[in-house]
Each structure stands twice: as C-alpha cells, then as structure tokens.
Amino acid sequence: MIETLVILGAGFITGITTILFGFGGGFVVVPFVYHLVAASGEQSGQAMHIAVATSTAVMILNSGYATFTNWRSGNLLRETIVPLIYFIGIGAALGAFASSLLEDGVVRLLFVIYMLVTIADCLFRQGFLVKPARAVLSKATLWIGGPLIGVIATMLGVGGSVLTVPLLRRHGYEMKHCVSAANPLSIPVAVIGALMYVGLGWKEMTGPQYLGYVNLTILGLLVAAGISGILFAKRWLPKVNDRLHARIYVLLLILVLIAISL
C-alpha cells in the first residue's frame, strides 16, 4: 500500500513538471523507477533499462495530454515544433537501439554526465537565464541537432525536453513557449522509444507485469496520477515570470541530478 502511494505521488509530481517545465516524465520517472526496481531486488542488472523504458511509455500519454491542453491555451507556436519534430523522430529510433547495447551502469553514468553538462550550459553560457533576441533555427541545428536530441532523449528516457527547452530558449523564445513545445517534441521519442524497448526486452524480462522492459503496473499508476497532476497545475498553480521560470527550471535539473546520483 505504501509503495502504491509513493508511486502515485511521483506520478502526480510528474504531471506538474510536464506542464511547468515540459518534462514528460523522464526526469522524475527515471530516478524514481530506477531506485524502486533496484531496491526490490527483482530483474537484477536491468533496473536502469526498466526505468528508461517505463519513462518513455509514461511520456506518450503525459506529453500527449499536455500538448492538447497547451494547444487549447494558445501556448504552442508552430515554428517551435515543425520541422524539428521530424528530425528528432529519426534520432529516436537510433537512441533506443544504442541503449540496448549498453550495460545498465553505463546508461546510468551517461544520464549523470548528461545532467551535469546541461546544468553547466544553462548556468554558465549566456542565452538561457536571460532571453536573447529571436532567431530562426538554422539548417545545421535541424539536421544535426534534431537527430542528436532524438538519440540522447530515447537512449536515456528523458524525452528531450532538457535539450529542446534550452535550444529554443537560446533562439529567443519565452519559457512558456519553450516548455509547451517540449511536450509535442517528446511524443516521437516516447512512441518510438517505447515500441523499441518492448521489442528489445521481449525475451529478456519475465513476469506478467512486464511488456518488454516496460513495467505495466508502475506505468498505469504513474499515468493516472500524472494526468491528475497536469490538471492540478493548469488550474491551481500561479503563473511565474519568464526569468524566474528559467531559474526554477535549472534548480529542478540540479535536484534530479542529486536523486539519480544517490
């Protein structure tokens, strides 16, 4: 019972971060599921793969629903989504396959390194905490950056928001537009990643609660609580100004880094 309540609490927080920061689940779900599975002693050596796979599955519904609510609110800008979403989708397929070739500990280490680089970039390179002038996404950003985002996001189960939000921010968009765009941009990563993790873990995992590497029990509870968190955030949480929004975003990244490191 206590374990179920903890999962529901994590799912609720995931829903809130989906709306406020564009995190479709990865930055809350990956550390949480990793520690939950590792502590249980089940599926030895597969905890990080299960965490990443379950995270991508959670993002399908969380990001999809958040995209719908942001569209209704008028926070989605077409130029922040198209054509970047197509290039991210290409990289997503490569990322899921690459993750299956790596050991569990290596994926966790890459996750930590990824977080450190992102936090340092946001804090010490100009263009994130203070919004610059608006600029168009270059062809190099689309053709190279897009697939790279897809690879990293799917390989680590983080949905790409930690790359797309700073990317769009540095091109002069307000945080509300950056985090709103992060949700639809995470959908191809979530769909492609989840399908590939199901296939790659089909013969590796045992037990009725697993579909490939995806833990269906945890998935169901996280999604139900996540949608509740999204509704709560949209209706009850106050709006914050653009600069404060950027600072809170970096603070949340630091908290997630501490969680996965411990």
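Residues numbered from 1 in each chain as written. Predicted model: local features only at pLDDT ≥ 70, side-chain atom pairs only at ≥ 80, totals over all residues. Heavy atoms only, no water.

Enquirer: Break down the overall build of the chain for me, with residues and values.
Expert: Each helix and strand counted, the chain has ten helices and two strands in total. Its C-alpha atoms give the chain a radius of gyration of 17 Å, near enough to 18 Å, the size a compact globule of 262 residues would have. Considering only C-alpha atoms, the chain reaches an extent of 50 × 40 × 30 Å along its principal axes. Residues counted as buried form 54% of the 262 residues belonging to the chain. Taking all contacts inside the chain whose residues are at least 6 apart in sequence as the whole, residues at least 24 apart take part in 84%. Accessible surface for the chain amounts to roughly 11,700 Å². Of this, 69% is attributable to carbon and sulfur atoms. Within the chain, one finds 16 positive and 9 negative side-chain charges whose respective centroids are separated by 16 Å. (Helix = DSSP H or I, 4+ residues; strand = E, 2+ residues; numbered from the N terminus. Rg over C-alpha atoms; globule rule 2.2 N^0.38 Å. Buried < 20%, exposed > 50% of the residue type's maximum accessible area, 1.4 Å probe, protein only. Contact = heavy atoms within 4.5 Å. Areas by Shrake-Rupley, 256 points an atom, 1.4 Å probe, with all protein chains shown as cover. Lys, Arg positive; Asp, Glu negative; His and termini not counted. Charge placed at Lys NZ, Arg CZ, Asp CG, Glu CD.)

Enquirer: Report on the UniProt feature "transmembrane region" (unreviewed entry) in the chain, specifying residues and quantitative values.
Expert: Feature annotation in UniProt assigns "transmembrane region" (unreviewed entry) to the following positions: residues 6-37, 80-102, 109-128, 148-168, 180-198, 210-232 and 244-261. For residues 109-128, helix accounts for 80% and strand for 0%, while the C-alpha atoms at its two ends are 25 Å apart. Taken end to end, residues 180-198 is 100% helix and 0% strand, and its first and last C-alpha atoms sit 28 Å apart. (UniProt positions renumbered as here; feature names shortened; annotations may be inferred.)

Enquirer: Requested: an account of the layout of surface pockets, with residues and values cited.
Expert: Taken as a whole, the largest pocket holds about 540 Å³ of empty space. Lining of the largest pocket is provided by 21 residues; of these, Leu20, Lys176, Lys239, Val240 and His245 occupy positions nearest its centre. Elements represented by at least two residues in the lining of the largest pocket include exactly helix H1 (2-21), helix H3 (47-73), helix H8 (175-200), helix H9 (216-236) and helix H10 (242-261). Per-element accounting of the lining of the largest pocket gives the leading share, four residues, to H8. (1 Å grid on protein atoms, 1.4 Å probe; cavity = no way out; pocket = protein on both sides within 12 Å on 5 of 7 lines; lining within 4 Å. Points joined across faces, edges and corners; volume = space filled by probe spheres on them.)

Enquirer: Pulling in residues and values, what's your account of H1?
Expert: Compared with the 28 Å implied by 1.5 Å per residue over 20 residues, the 28 Å span of H1 between its first and last C-alpha is a close match. All of the buried residues in H1 are Ile7, Ala10, Gly11, Thr14, Gly15, Ile16, Thr17, Thr18, Ile19 and Phe21. In the stretch just after H1, Gly22 is the one whose phi turns positive, near 80°. (Expected span 1.5 Å × (residues − 1).)

Enquirer: Describe the packing of aromatic side chains, and please don't skip the residues or the numbers.
Expert: The description of two aromatic rings rests on the distance between their centres and on the angle between their planes. Applying the stated criterion to the full structure yields five aromatic pairs. Relative to Trp71, the ring of Phe68 has its centre 6.2 Å away and its plane inclined at 35°; by these criteria the two rings are tilted. Of this pair, Phe68 and Trp71 both sit in helix H3, three residues apart, roughly one helical turn. Classification of Phe68 by relative accessible area gives partly exposed; the value is 42%. (Phe/Tyr/Trp six-rings, centres within 6.5 Å; stacked < 30°, edge-to-face > 60°.)

Enquirer: Could you give me a rundown of the packing of H1 against H3, with the residues and numbers involved?
Expert: Between H1 and H3, whose axes approach to 10 Å, the crossing angle comes to 45°. With respect to H3, the element H1 is oriented oblique. Seen along the crossing, H1 lies across H3 with a hand that is right-handed. Counting all contacts with H1, which are made through Thr14, Thr18 and Ile19, the residues of H3 involved are Asn62, Ala66, Thr69 and Asn70. Its residues placed into classes, the contact of H1 with H3 shows two nonpolar, five polar and no charged. (Axes fitted to C-alpha atoms, helices over the stretch in contact; angles between N-to-C directions. Parallel < 35°, antiparallel > 145°, perpendicular 65-115°, else oblique. Left-handed = near helix turned anticlockwise from the far one by under 90°. Nonpolar A, V, L, I, M, F, W, Y, C, P; charged D, E, K, R; others polar.)

Enquirer: How would you explain the nonpolar core if you had to name every residue and give the values?
Expert: Counting 70 residues, the largest nonpolar core has Val33, Phe128, Val165, Leu185, Leu222 and Tyr249 as its most contacted members. Element by element, the count of residues in this core is highest for H8, at ten residues. If you look at the next biggest cluster of nonpolar residues, it comprises five residues, including Ile19, Ala66, Ile230 and Ala233. (Core = buried A, V, L, I, M, F, W, Y, C linked by side-chain atoms within 4.5 Å.)

Enquirer: Residue-level account of H8, with values.
Expert: Note on helix geometry: an α-helix contains 3.6 residues per turn, so any two residues three or four positions apart are oriented the same way. In a regular helix each residue adds 1.5 Å, so 26 residues correspond to 38 Å; H8 covers 36 Å between its end C-alpha atoms and thus fits that length. Of all the bends in H8, the greatest, near 30°, is centred on Ser186, and the proline Pro188 appears no more than four residues after it. (Bend = angle between axes of the 7 residues up to and from the residue.)

Enquirer: Talk me through the packing of helix H7 (residues 161-169) against H8; I want residue IDs and the actual numbers.
Expert: Viewed as axis vectors pointing N to C, H7 and H8 meet at an angle of 140°, and their least axial separation amounts to 9 Å. Between H7 and H8, the angle is such that the two are oblique. The two elements H7 and H8 meet at a crossing, and its hand is right-handed. For the pair H7 and H8, contact is made by Ser161, Thr164, Val165, Leu168 and Arg169 and by Met175, Cys178, Val179, Ala181, Ala182, Leu185 and Ser186, respectively. Considering only residue class, the contact of H7 with H8 consists of eight nonpolar, three polar and one charged.

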